[in-house]
Structures are given as structure tokens and as C-alpha cells.
Amino acid sequence: QERRRRFAQAIDGDELRLHYQPQVDMASGEVVGVEALVRWQHPQEGLLAPGQFLPDIAGTSLEVDLGEWVLSQALCQLQAWREAGITLPVSVNISPAHLLQEAFPERLAVLLEGNPQVPARLLNLEVLETAAMHDVDTAMAVIRRCQTLGVHVAIDDFGTGFSSLTYLRQLPVDLIKIDKSFVRDMLTDPGDMAIIESIIYMANRFDRAMLAEGVESLEHARALFRVGCTLAQGFGIARPMPATHVPKWLDEWP
Ligand code: G
Ligand code: G
Ligand code: NA
Ligand code: MN
């Protein structure tokens, strides 16, 4: 497919960018990290969001190539920020193709060794609940081996996979990200609020940290705080931004 060939060129031709969206603790005001989100700076079509190209490469080896690029780029950025005196954990989205690859932890180890000044604990892998569901045993083994390297693992879009309870028990993740679809309507839809409260209850029972995504307003932030979720990410806190904007944002953040 033409689109795929073009994307392969984009990886090699330096057309991909990472934007970073802050994650904060509303209780302490602390910035706990940033999530790396890929963009394609297309020479003709402009800055493309993942939704405009990820579907084209889903299930192909390009997904693995993209993941490699994102990981090494994020590690370079971690190193650059540390050299600038900024110690900031970075979360990276890992595609199902990577999570279900038994060789992935070794590959990750090599990438980490390539950046010896970056402590592994500053890297956080976000895996999709739905990806883990395809093959729980492999996902579990891969997650554990990544954690052995020192990296943290979060389960992304939590609650959208319909088997949340079982997977929460089996997957040894450090952080649960409450999907933004539940957060969006939590103020008006009692069903969504009930799901959020249930996720928080479960996360506490299983002793996992949790973060709400899609926090767009102060009202959302307050409501989440009230039900016991203090970690948050969303347009109401900050939009994803280029790495060059992050130091200024950190300076201005309360
Ligand atoms: O940034 P945006 O809201 O457009 O992202 C849309 C989707 O693309 C999200 O579900 C996000 O998880 C995914 N995404 C963003 N960056 C990456 C990436 O580097 N790798 C993978 N696999 N998915 C990503
Ligand atoms: O699937 P994932 O959780 O990785 O999705 C991250 C995506 O969500 C990013 O592409 C980001 O642009 C988007 N996003 C981040 N904050 C908000 C928000 O407050 N509202 C909405 N609608 N999308 C958000
Ligand atoms: Na994510
Ligand atoms: Mn998500």
C-alpha cells in the first residue's frame, strides 16, 4: 500500500515528532511525568495526528518500527532534559505488536543501555488493556521482564476492554489510566461516574496507582479529586506540546 510505503519513508526521513502532555498530581501540584504522543510532520499535509496514520500501519511491521523510533526518541529526550537539570518521567505508548513480542524486553534493555545516563525508572510504558487481552500469558511475561529492567508499566484506556477485573488482577501493572471516555461525561452521566468510582475502588483494593485522562475542566478535576483520583492528564491541565515548550510550561506551572 502506498500509504505504508510513505510512512516507512517518514520514519527514516525524520518526519515524525513527539509531543508531550503533562501528567500532574492534583493533591501536591507536582508534575509526575509527561506522555509522549507521536505526530507526523507531513511535508504536504501538515502535522498529522496518530488517528490519521496509525490505522494504516496497524498489524504491520511498521508498528514495531514506529515503536522503536518512539522509544529511542523518548530516551534521547529524557537524556537531554536531564542534562538541562529536568528530571521528568516519560510515558511511551507501546503497540500490541510490541507487547506481545517475547523479544521486546531484550530490545528495550539494549535501548536503555544506549542511554546509560537515563535511569530506567524514568521510562513508563503504556500498554492497552485490549492488547493484553489477546494473549495474557505473553503480555504478563513481557510486562514483568520490562519491570525487572526498572521501567514502570501503565495500563492505558482502562475500562474499555470489558474484562477489566480479571486483567487487573493478573497484569502486574504499576498504574491504571482511567479512559477519557468515562471522564468526559462523568459530571452528567451517573453511569460513567459509577464506572469511575468502581475503577478507583478496584485500583485501591489491588494497590495500584491510578490516573484520569481527558481532564478538560476544573469541574472534572474537582470531581475526580473528590472520589479519590488525584493524578490527572488532559487539555484542562495542558495540551500535548513540542519538547521545546516543556521547560517553560514547567516554570509556569503553579
Ligand atoms: O495524540 P492523539 O490524541 O491524537 O492520539 C490518538 C491515539 O494515538 C491515542 O490512543 C494514543 O494512545 C495513540 N498514540 C499516540 N502516540 C502513539 C505512539 O507513539 N505509539 C502508539 N502505538 N500509539 C500512539
Ligand atoms: O489512548 P491514549 O490514552 O494514549 O490517548 C491519548 C490521547 O488523548 C492523545 O492523543 C491526546 O491528544 C488526547 N487527549 C489528551 N487530553 C485530552 C483531553 O482532555 N480531552 C480529549 N478529548 N482528548 C485528550
Ligand atoms: Na496512552
Ligand atoms: Mn488512554
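In case you missed it, the structure is sitting above this.
For every chain, the first residue of its written sequence is number 1, and the numbers climb from 1 along that sequence. Each chain takes a letter, starting from A, and each ligand takes a number, starting from 1, following the order in which they are written. Given that the model is predicted, a residue must reach a pLDDT of at least 70 before its local features are reported, and side-chain atom pairs must reach 80 or more before they are shown or counted; all residues, however, enter totals for whole chains, interfaces and linings. To get the side-chain values, all heavy atoms of the structure are used, and hydrogens and water are removed first.

1. Some words on the coordination of the sodium ion (ligand 3)
- Of the protein atoms, only Glu35 (OE), Asn93 (OD1), Glu126 (OE) and Asp156 (OD) coordinate the sodium ion (ligand 3), at distances of 2.2 to 2.4 Å.
- Each metal site lists N, O and S donors within 2.8 Å (3.2 Å for Na, K and Ca). With water left out of the atoms, a site can look as if it is missing ligands. One chain supplies every donor for the sodium ion (ligand 3), spaced along it as E-x57-N-x32-E-x29-D.
- Between the two metal centres, the sodium ion (ligand 3) and the manganese ion (ligand 4), the spacing is 4.2 Å, with Asp156 acting as a shared donor. One end of the pair, Asn93, is in strand β4 (residues 90–94); the other, Glu126, is in strand β5 (residues 123–128), with 33 residues separating them in the sequence.
- On the accessibility criterion, Asn93 (30% relative accessible area) is partly exposed.
- Burial classes follow relative accessibility: with a 1.4 Å probe on protein chains only, a residue under 20% of its type's maximum area counts as buried, one over 50% as exposed, and anything between as partly exposed. Residue classification places Glu126 among the buried positions, given a relative accessible area of 2%. Put simply, DSSP marks the helices as runs of H or I at least four residues long and the strands as runs of E at least two long, and each gets a number from the N terminus on.

2. Looking at the coordination of the manganese ion (ligand 4)
- Donor atoms from the polypeptide that coordinate the manganese ion (ligand 4) comprise Asp156 (OD), Asp157 (OD), Glu213 (OE) and Glu213 (OE), at 1.8 to 2.5 Å from the metal.
- As a motif over one chain, the donors of the manganese ion (ligand 4) read D-D-x55-E.
- You can call Glu213 buried: its relative accessible area is 6%.

3. Let's talk about the side chain of Asp25
- Along the chain, the position of Asp25 falls in strand β1 (residues 16–25).
- Although Asp25 is buried, it makes no salt bridge; Arg222 carries the closest opposite charge, 15 Å away.
- The contacts of Asp25, once residues within four sequence positions are left out, are Glu30, Val32, Thr230 and Leu231. Charge assignment: positive for Lys and Arg, negative for Asp and Glu; neither His nor the chain ends contribute. Only one rule defines a salt bridge in this text: a Lys or Arg side-chain nitrogen within 4 Å of an Asp or Glu carboxyl oxygen. The contact criterion used throughout is that any non-hydrogen atoms of two residues lie within 4.5 Å.

4. Some points on the packing of helix α5 (residues 104–113) against helix α7 (residues 136–148)
- Lines fitted to C-alpha atoms define the axes here, with helix axes fitted over just the stretch in contact, and angles between the N-to-C directions of these axes take values from 0 to 180 degrees. At their nearest, the axes of α5 and α7 sit 9 Å apart, and the two run at 20° to each other. On the basis of their axis angle, the class for α5 and α7 is roughly parallel. Considering how the two elements wind past one another, α5 and α7 form a crossing that is right-handed. Facing Phe104, Pro105, Glu106 and Leu108 of α5, the residues of α7 in contact are Val142, Arg145 and Cys146.
- Basically, the charged four are Asp, Glu, Lys and Arg, the nonpolar ten are Ala, Val, Leu, Ile, Met, Phe, Trp, Tyr, Cys and Pro, and anything else, Gly included, counts as polar. Looking at the contact of α5 with α7, its residues break down into 5 nonpolar, no polar and 2 charged. Should an angle lie under 35 degrees it is considered roughly parallel, over 145 roughly antiparallel, and from 65 to 115 roughly perpendicular; all remaining angles are considered oblique. Note: crossing handedness is left-handed where the near helix turns anticlockwise from the far helix by less than a right angle, and right-handed where it turns clockwise.

5. Details of helix α11 (residues 218–227)
- Taken as a whole, α11 has its buried residues at His220, Ala221, Ala223 and Leu224. Burial along α11 is one-sided: seen end-on, the buried residues are contained in an arc of 165°. Projecting away from the buried face of α11 at angles above 90 degrees are the exposed residues Leu218 and Arg226.
- Buried residues in α11 make contact with α9 (180–184), α10 (190–205) and β8 (209–212).
- Regarding α11, its N-cap is Ser217, as a side-chain oxygen of that residue lies 3.3 Å from the backbone nitrogen of Glu219 further along.
- Gly228 sits one or two positions beyond α11 and adopts a positive phi of about 100°. The arc refers to the directions leading from the helix axis to the C-beta atoms. Each polar contact in these results corresponds to two N or O atoms within 3.5 Å; when the atoms are within protein, one needs to be able to donate a hydrogen and the other to accept it, and residues that are neighboring in sequence are counted only if both atoms are side-chain atoms.

6. Let's talk about helix α1 (residues 2–12)
- Within α1, burial applies to Arg6, Phe7, Ala10 and Ile11. Along the axis of α1, the buried residues cluster in a sector spanning 145°; they form a single face.
- Looking at the buried side of α1, the elements it contacts are β1, β2 (31–42), α2 (54–57) and α3 (61–83).
- In the segment just after α1, Asp14 is the residue with positive phi, at about 60°.

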